[in-house]
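# Structural overview
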Amino acid sequence: MAAQALPFLRWSRSASSLSARSSTAAAPLRLFSALRRPPAAARCEAGSKVMLKGMDYSEVESWVQAQGYRPGQALMLWKCLYGNNVWAHCHDELTGLNKDFRKMITERADLKALTVKDILTASDGTRKILFSLEDGPVIETVIIPCASSRTTVCVSSQVGCAMNCQFCFTGRMGLRKHLSTAEIVEQAVFARRLFSDEFGAITNVVFMGMGEPFHNIDNVMKASAIMVDEQGLHFSPRKVTVSTSGLVPQIKRFLHESNCSLAVSLNATTDEVRNWIMPINRKYNLNLLLGTLREELCLRKNYRVLFEYVMLSGVNDSMDDAKRLIDLVQGIPCKINLISFNPHSGSQFKPTPDEKILEFRNVLIQGGLIVFVRLSRGDDQMAACGQLGEPGNYQLPLLRVPEKFQVAL
């Protein structure tokens, strides 16, 4: 069953729109100002404290017991961090805990891994949060409210990305740093803390921000497990989606160890095109990637992989591409998400016209596929798909354009 055709929204990126702020952002801005870290001189040395949000529940329980306290107190602490609408970021917010227990935590543990630097508001209501890390880099997280009582937080897993996908702004940065478990988890915690009153429940998490999640798989797996913990943030595993460019060994591990949803950024129907726009294909080509998914998913019941397909004018949007895509995914339980390319200064690609996207979609539907068309959200604040990050002076090189596609660019 195909999704209904959705209207496309495009926004101009004028200088004035980039600096605009919606009045609805005022409350979160006031709140995050109050949540800024104290000066370094007022904090204990980082090495002398544990970071609680970097632990899963069993590790928190073991740590609490090692300090001489009962396991039941570990659960109370866990709920202060993630449950009961507390989302504690400072020791004063650890309500309901024994005085001595709270004093011990104050002395030996840190609760907060990120500092809010800014919140940008797009004209469609999308929010982009800029977080400063302890060691200086900035990451970006996007909050996407929808009218259907669904609000999604798009989290980052790395500073930059090593995959060098040619259509992605983050890919221009190269890999600067893997995010820790705590730095990933806290993006979702901040989303609930800052925006639950305004948007209602934050219901979905997508690992589609900065970075290749499976290149940082240990921390991503641990973070996603914390997000779905029933005593904590309690996101539904079906509503936590981890996206990858196609790292085959990590895909296998994820499908064996996690109940969360999987998305694969496909974006091409031939190795020639995918080798160019997604260099990871030179290591894990289409045959290996799709063969692995076909083999692994035959063992899973009621599970569909989401294939993401960014539409690039004159590159991967022909009707022949649509027909090849139908053949490529045969035997793989899947859904297809067609995404309009969001232009940025780091790429020469052009977006496929709306009418051609709908024609492409209709061919896929006629081929029996489940197809959705993703609206661009937040692109006037560089918050849309493929627009996150700030490459700065150093950027990875763009790859040579195959001769037959030079006219299209």
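For the structure itself, look to the data block above.
Described below are features of the structure shown in this document. Quick caveat, the model's predicted, so the values are computed rather than measured.

As enumerated under the stated definition, the model contains 10 aromatic pairs in all. Geometrically, the ring pair formed by Tyr69 and Phe101 is tilted, given 5.0 Å between the ring centres and 45° between the ring planes. Of this pair, Tyr69 sits in the loop between helix 3 (57-66) and helix 4 (71-82) while Phe101 sits in helix 5 (residues 99-108); the two residues are 32 residues apart in sequence, bridging distant segments of the chain. Connected via pairs of aromatic rings, a cluster forms that spans Trp276, Phe341, Phe349 and Phe405. Above the plane of the ring of Phe235 lies Arg192, whose end atom (NZ or CZ) is 3.9 Å from the centre. Geometry around Tyr303 places Arg300 over its ring, the cationic atom sitting 4.2 Å from the centre.

The next point concerns the side chain of Arg127. Mapped onto the secondary structure, Arg127 falls in strand 4 (residues 127-133). For Arg127, a relative accessible area of 1% puts it in the buried group. Within the structure, the side chain of Arg127 is placed 2.6 Å from the side chain of Glu198, a separation counted as a polar contact.

What follows deals with the nonpolar core. Judged by nonpolar contacts, the single largest core of 117 residues is most densely connected at Leu77, Ile105, Phe167, Leu262, Leu293, Phe307 and Leu364. Counting residues per element, this core draws most heavily on helix 6 (residues 181-199), at 8 residues. With residues up to four places along the chain from it excluded, the contact list for Leu364 reads Ala322, Leu325, Ile326, Ile336, Leu338, Leu369 and Val371.

Let us now look at the packing of helix 7 (residues 217-228) against helix 8 (residues 248-257). Describing two packed helices takes the angle between their axes plus the distance from one axis to the other. Look at helix 7 against helix 8: their axes get within 12 Å of each other, and the N-to-C directions meet at 20°. Regarding the angle of helix 7 to helix 8, the classification is roughly parallel. Both helix 7 and helix 8 take part in a crossing whose hand is right-handed. Contacts from Ile217, Asp218 and Met221 in helix 7 reach Gln250, Arg253, Phe254 and Glu257 in helix 8. Class assignment of the residues belonging to the contact of helix 7 with helix 8 gives a composition of 3 nonpolar, 1 polar and 3 charged.

The next thing to look at is the side chain of Asp124. Mapping Asp124 onto the fold places it in the loop between strand 3 (114-121) and strand 4. Engagement of the side chain of Asp124 in a polar contact is seen with the side chain of Thr126, the distance being 2.9 Å.

Looking now at unusual backbone geometry. With a phi angle near 60°, Asn84 is a residue other than glycine that sits in the positive phi range. Position of Asn84 relative to the elements: it lies in the loop between helix 4 and helix 5. We classify Asn84 as exposed; its relative accessible area is 59%. A positive phi angle, near 70°, is found at Asn267, a position not held by glycine. Within the secondary structure, Asn267 sits in the loop between strand 11 (261-265) and helix 9 (271-277).

Right, let's talk about the sheet that holds strand 13 (residues 334-340) for a bit. Across the sheet, 10 strands lie side by side as 3-4-5-6-9-10-11-12-13-14; this open sheet has mixed pairing. Strand pairing shows two members of the sheet lacking a second neighbour, strand 3 and strand 14 (371-374), which therefore form its edges. Averaged over neighbouring strand pairs, the angle between their axes works out to 25° when direction is ignored. With 3 bridges connecting them, strand 6 (residues 151-154) and strand 9 (residues 204-207) associate as parallel partners. From the neighbouring strand, Cys154 faces strand 9, where its bridge partner is Val206. Packed on one face of the sheet, helix 7 meets strand 9 and strand 10 (240-244) and runs near 175° to strand 9.

Analysis parameters
Residues numbered from 1 in each chain as written. Predicted model: local features only at pLDDT ≥ 70, side-chain atom pairs only at ≥ 80, totals over all residues. Heavy atoms only, no water. Phe/Tyr/Trp six-rings, centres within 6.5 Å; stacked < 30°, edge-to-face > 60°. Helix = DSSP H or I, 4+ residues; strand = E, 2+ residues; numbered from the N terminus. Lys NZ or Arg CZ within 6 Å of the ring centre and 35° of its normal. Buried < 20%, exposed > 50% of the residue type's maximum accessible area, 1.4 Å probe, protein only. Polar contact = N/O pair within 3.5 Å; in protein donor to acceptor, adjacent residues only side chain to side chain. Core = buried A, V, L, I, M, F, W, Y, C linked by side-chain atoms within 4.5 Å. Contact = heavy atoms within 4.5 Å. Axes fitted to C-alpha atoms, helices over the stretch in contact; angles between N-to-C directions. Parallel < 35°, antiparallel > 145°, perpendicular 65-115°, else oblique. Left-handed = near helix turned anticlockwise from the far one by under 90°. Nonpolar A, V, L, I, M, F, W, Y, C, P; charged D, E, K, R; others polar. Pairing = 2+ DSSP bridges.

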